[in-house]
Amino acid sequence: MANIGDLPEDVLVEFLSLVPARELICNCRLVCVLWRDVVDLATLWKRKCQRDGFNHETWDRTIQDWRVFYFLCSLKKNLLKNPCAEESFQFWKLDSNGGDNWKVEDLPGEHGSDFPNQQVRKYFVTSYGLCLKSQLINLEEEGYWNQLMDETRPDIVIKDWYAARFDCGCHYELRVQLLSADYIVLHEFHPAPVVIEQWSDAEWKELSYTFHNYKAGVRHIFFQHGGQDTQFWAGWYGCRVTNSSITVEPGTSPQRGNGEDSASGPS
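Residues numbered from 1 in each chain as written. Predicted model: local features only at pLDDT ≥ 70, side-chain atom pairs only at ≥ 80, totals over all residues. Heavy atoms only, no water.

- As annotated in an unreviewed UniProt entry, the chain carries the name F-box protein 6 and is attributed to Pelusios castaneus.

This is how it looks when you write it as C-alpha cells:
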C-alpha cells in the first residue's frame, strides 16, 4: 500500500499548503523528519501566501522568511478598537477631559468637511480644555508572540486623522510609545502639537509614522491623542480625530539587526 511519505515533494507541498498555518507548526511539523523539512520549506509558505492573496511581484527579492511573512499578513489588522467613534468611547481611556469634555459627532459636523473615506461616519471632538484619550495594546494578546517581535521586529505603522472647524482654531497632539513587558518606554513618537489657525479650510489631514528597527523587548503599544480649541469657546469647537490605526506589517525590507529606531517622519 502506498504511503503518504512516498508522494513527490511538490505534491506534498501542495497538500500541506492547504492545512491551517498553526496546525502546520504545532502538529504536522512533528509527524516525522520528512514533514518537518517540508513544513520548513519556503516554497510551502510562498504557496500559502499566493493562495491567501499575500503576494506581490516585488516581494520575492526582499522577503527573508516566507513563514514569518505569512503570519504577519494573516495577523494584520487595526489594533486600535473603536477608532471611528461608532461605539462612543468604548475601549478608550479618557486621560484628560477638560472644558465641556470629549464628545462624539457625526461627519461632516458643523463648519466641517467630508472625510476622504465615506465609510467613516463619526469623529471624536475636544473642547476648550485639554482633552486626551488613549489605548494600551498588549501585542501578545493580539497574536504577536515574543520571538516574532524580538527577532523579526516587523514595522509598526501609526496613522491618525485630525481636523478643525472652519471657524475656530485648535491644536492637535499625538503620543505613541513602544513599551517593554514592565512598561518601560523603549521608543516614543511625540511630535510638537499641530496648531491650526482660525478660518482654516477644515480639511482632514493624516499624520503617519513607522517604527523601524526598534529594540527587542517591545510588548505593548501606548497610543494617546487629542487637543483643544484655541479660542476657549464653550462647547465642542476643538480638535476632531477619527480613523486612527496601529498595524504591525511585514514591510519589504530585509530583516534588520539591533539598530536604533529609524522610523520615518510624519506625512
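**Focus: the packing of aromatic side chains**
For step 1, the next point in the chain: Taken as a whole, this structure holds 19 aromatic pairs when the rule is applied.
For step 2, the next point in the chain: With 3.7 Å between their ring centres and 15 degrees between their planes, Phe189 and Tyr209 make a pair best called stacked. Of this pair, Phe189 sits in strand 7 (residues 185-189) while Tyr209 sits in strand 9 (residues 205-211); the two residues are 20 residues apart in sequence, bridging distant segments of the chain. Each of the two residues, Phe189 as well as Tyr209, counts as buried.
For step 3, the next point in the chain: Through pairs of rings, three or more aromatic residues link up here, namely Trp45, Phe54, Tyr70, Phe71 and Trp145.
For step 4, the next point in the chain: Taking NZ or CZ as reference, Lys133 lies 3.2 Å from the ring centre of Trp92, over its face.
For step 5, the next point in the chain: The ring of Phe124 carries the charged tip of Lys133 above its face, separated from the ring centre by 3.7 Å. (Phe/Tyr/Trp six-rings, centres within 6.5 Å; stacked < 30°, edge-to-face > 60°. Helix = DSSP H or I, 4+ residues; strand = E, 2+ residues; numbered from the N terminus. Buried < 20%, exposed > 50% of the residue type's maximum accessible area, 1.4 Å probe, protein only. Lys NZ or Arg CZ within 6 Å of the ring centre and 35° of its normal.)

**Some words on the sheet that holds strand 9**
For step 1, the next point in the chain: On the basis of which strands lie adjacent, the open sheet formed by 5 strands has the order 2-3-11-5-9 and antiparallel pairing. The outermost strands of the open sheet, each flanked by one partner alone, are strand 2 (103-106) and strand 9. Geometrically, the sheet is characterised by an average inter-axis angle of 35 degrees between neighbouring strands, direction not taken into account. (Pairing = 2+ DSSP bridges. Axes fitted to C-alpha atoms, helices over the stretch in contact; angles between N-to-C directions.)

**Observations concerning the pairing of strand 7**
For step 1, the next point in the chain: In the sheet, strand 6 (residues 170-179) pairs with strand 7 via 4 bridges, with the strands oriented antiparallel. The partner of Val176 across the bridge, within strand 7, is Phe189.

**Details of the environment of Val157**
For step 1, the next point in the chain: Residue placement: Val157 occurs in strand 5 (residues 155-163).
For step 2, the next point in the chain: Residue class for Val157 comes out buried when judged on its relative accessible area of 10%.
For step 3, the next point in the chain: Expressed as a C-alpha distance, the spacing of Val157 and Ser245, which sit 88 residues apart in the sequence, is 7.9 Å.
For step 4, the next point in the chain: When sequence neighbours within four positions are dropped, the list of residues in contact with Val157 reads Tyr209, Thr210, Ser245, Ile246, Thr247 and Glu249. (Contact = heavy atoms within 4.5 Å.)

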